[in-house]
Amino acid sequence: QDIMGQFSQHMQGVLTVFVTSFANFSTLGMIIGCFKGIVDDSKNELISRNVGDMMEADLEEYRAMAGHEKVVAIGEIGLDYHWDYIPKKTQMKWFIRQAELSNELDLPVVIHSRDAAKDTYDVLKQVKTGEGSGIIHCFSYGKEMARQFLDLGYYIALGGVVTFKNAKHAKEVAAYVPRDRLLLETDCPYMAPVPHRGERNDSRRLNDIVPVIADLRNETPEEVERYTFENALRLYRIRNFRAPSGK
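This structure is a prediction, so every number in the text was calculated from the model and none was measured.

Conventions and cut-offs
Numbering of residues begins from 1 in every chain and follows the order in which that chain's sequence is written. Reporting of local features is limited, given that this is a predicted model, to residues whose pLDDT is at least 70; pairs of side-chain atoms are given and counted only at 80 or more, and all residues count toward the totals for whole chains, interfaces and linings. Hydrogens and water molecules were not included; the side-chain quantities draw on all heavy atoms of the structure. Residue burial is assigned from relative accessible area. The probe radius is 1.4 Å, only protein chains are included, and a residue is buried under 20% of its type maximum, exposed over 50%, and partly exposed in between. Strands here are runs of E lasting at least two residues and helices are runs of H or I lasting at least four, both read from the DSSP assignment and numbered beginning at the N terminus. Here, any two strands with at least 2 DSSP bridges between them count as paired. Throughout, right-handed denotes a crossover for which the path from the first strand over the helix to the second runs clockwise when the strands point away from the viewer. Note on method: axes are straight lines fitted to C-alpha atoms, helices fitted across the in-contact stretch only, with angles between N-to-C directions ranging 0 to 180 degrees. In these notes the angle categories are as follows: under 35 degrees is roughly parallel, over 145 is roughly antiparallel, 65 to 115 is roughly perpendicular, and the rest is oblique. The criterion used for residue contact is that any of the two residues' heavy atoms lie within 4.5 Å. Any residue outside Ala, Val, Leu, Ile, Met, Phe, Trp, Tyr, Cys, Pro, Asp, Glu, Lys and Arg is labelled polar, Gly included; the first ten of those are nonpolar and the last four are charged. The arc in question is formed by the directions pointing from the helix axis toward the C-beta atoms. Given the number of residues in a helix, its expected span is that number minus one, multiplied by 1.5 Å. Only buried residues count toward a nonpolar core. Its members are Ala, Val, Leu, Ile, Met, Phe, Trp, Tyr and Cys residues joined through side-chain atoms within 4.5 Å.

Novice: When you look at the pairing of strand S8 (residues 155-158) in this model, what are you seeing that I'm missing?
Specialist: Moving residue by residue along a regular strand, the side chains alternate between the two faces of the sheet. The alternating pattern of S8 places Tyr155 and Ala157 and Ile156 and Leu158 on opposite faces, both of which are buried. Note: strand S7 (residues 134-136) against S8, two bridges, orientation parallel. In the strand pairing of S8, isoleucine 136 is matched with isoleucine 156. On the question of chirality, the crossover connecting S7 to the parallel S8 by way of helix H4 (residues 143-151) is right-handed. With three bridges connecting them, S8 and strand S9 (residues 182-184) associate as parallel partners. Bridge pairing in S9 links leucine 158 to leucine 184.

Okay, here's the thing in structure tokens:
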């Protein structure tokens, strides 16, 4: 409540909240950053804050908020060349500035990269490298690109796309990524897995994702749940936390 209260109204859309314990909501983490904003598909327009609106003063606000004990990462930040709402030059400028801020604060990053693999890789190679640097979220590239991001020290996060019939790249990557670098996600409210495709996505749908990834990796669902959970705790530096019973 207190950190949310620090946000000015114009900062809508820059806060991500996640809970690592669905049993008792005991561990709440927050990720701050600014990216492409929220798109109203019915009107084909942006309806919230995005990097096209950013100013240096916003970075100072992020820096101040990042001092809160519940802030565990900077993100989403990155590049999205699929849409043309924001010029590439503007995206690149604030991607670099926020990556530099994460270095300054010694926080991992959550990276959004769509149709921008090379530019994303080049920035991260220059600005943000090393073990546990962050996550390439909702990973959408092939195995070779995954290898390059892994070599920089990044985790690869996969979600509902891996359940899609024709998701060749996602399935190959799911089988390829080392178990100590794999994470699960929903990309809520988007990317609901089969058999819920087209519906609103949420964390309950992980139950449909885990068995598919386990099958691709010749592992049990319980194994995948355990090590991806441990990976998330390690990445976000969440300590003294006990997994819910049965995990």
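Novice: Explanation requested: the pairing of strand S5 (residues 71-80) in the structure shown.
Specialist: Buried residues dominate S5, accounting for nine of its ten residues. In this sheet, strand S6 (residues 109-114) lies alongside S5 in parallel orientation, the contact comprising six bridges. By the bridge assignment for S6, isoleucine 77 is matched with isoleucine 111.

Novice: Would you mind showing me how to read the packing of helix H6 (residues 206-216) against helix H7 (residues 221-235) here?
Specialist: Running from N to C, H6 and H7 point in directions that differ by 105°, and their axes come no closer than 8 Å. By the criterion of interaxial angle, the relationship of H6 to H7 is roughly perpendicular. Note on element contacts: H7 touches H6 through Pro221, Val224 and Glu225, opposite Val210, Pro211, Ile213 and Ala214. In the contact of H6 with H7, the residues fall into six nonpolar, no polar and one charged.

Novice: How do you make sense of H6 when you look at a structure like this?
Specialist: An α-helical segment advances 3.6 residues per turn. Residues three or four places apart therefore align on the same side. Buried within H6 we find Leu206, Ile209, Val210, Ile213 and Ala214. Take H6 and look down its axis: the buried residues cluster within an arc of 130°, on one side only. What points out from H6, more than 90 degrees from its buried face, is the exposed set Asn207 and Asp215. Contacts from the buried residues of H6 go to S8, helix H5 (168-176), S9 and H7. Following H6 by one or two positions, asparagine 218 has its phi on the positive side, about 55°.

Novice: Honestly, H7 in this entry has me stumped. Any pointers?
Specialist: Here H7 contains 15 residues, and its C-alpha end-to-end distance of 21 Å stays within 8% of the 21 Å for a straight helix at 1.5 Å per residue. Buried residues of H7: Val224, Tyr227, Thr228, Phe229, Asn231, Leu233 and Leu235, and no others. Where H7 terminates, the next one or two residues include arginine 237, which has phi positive at roughly 60°.

Novice: Any chance you could explain the nonpolar core here in plain terms?
Specialist: General note: in soluble globular proteins, nonpolar side chains tend to be found buried as a group. One finds Phe139, Phe149 and Ile156 to be the most contacted residues of the largest nonpolar core, which totals 54 residues. With 14 residues, the next largest nonpolar core counts Ile31, Ala73, Phe229 and Tyr236 among its residues.

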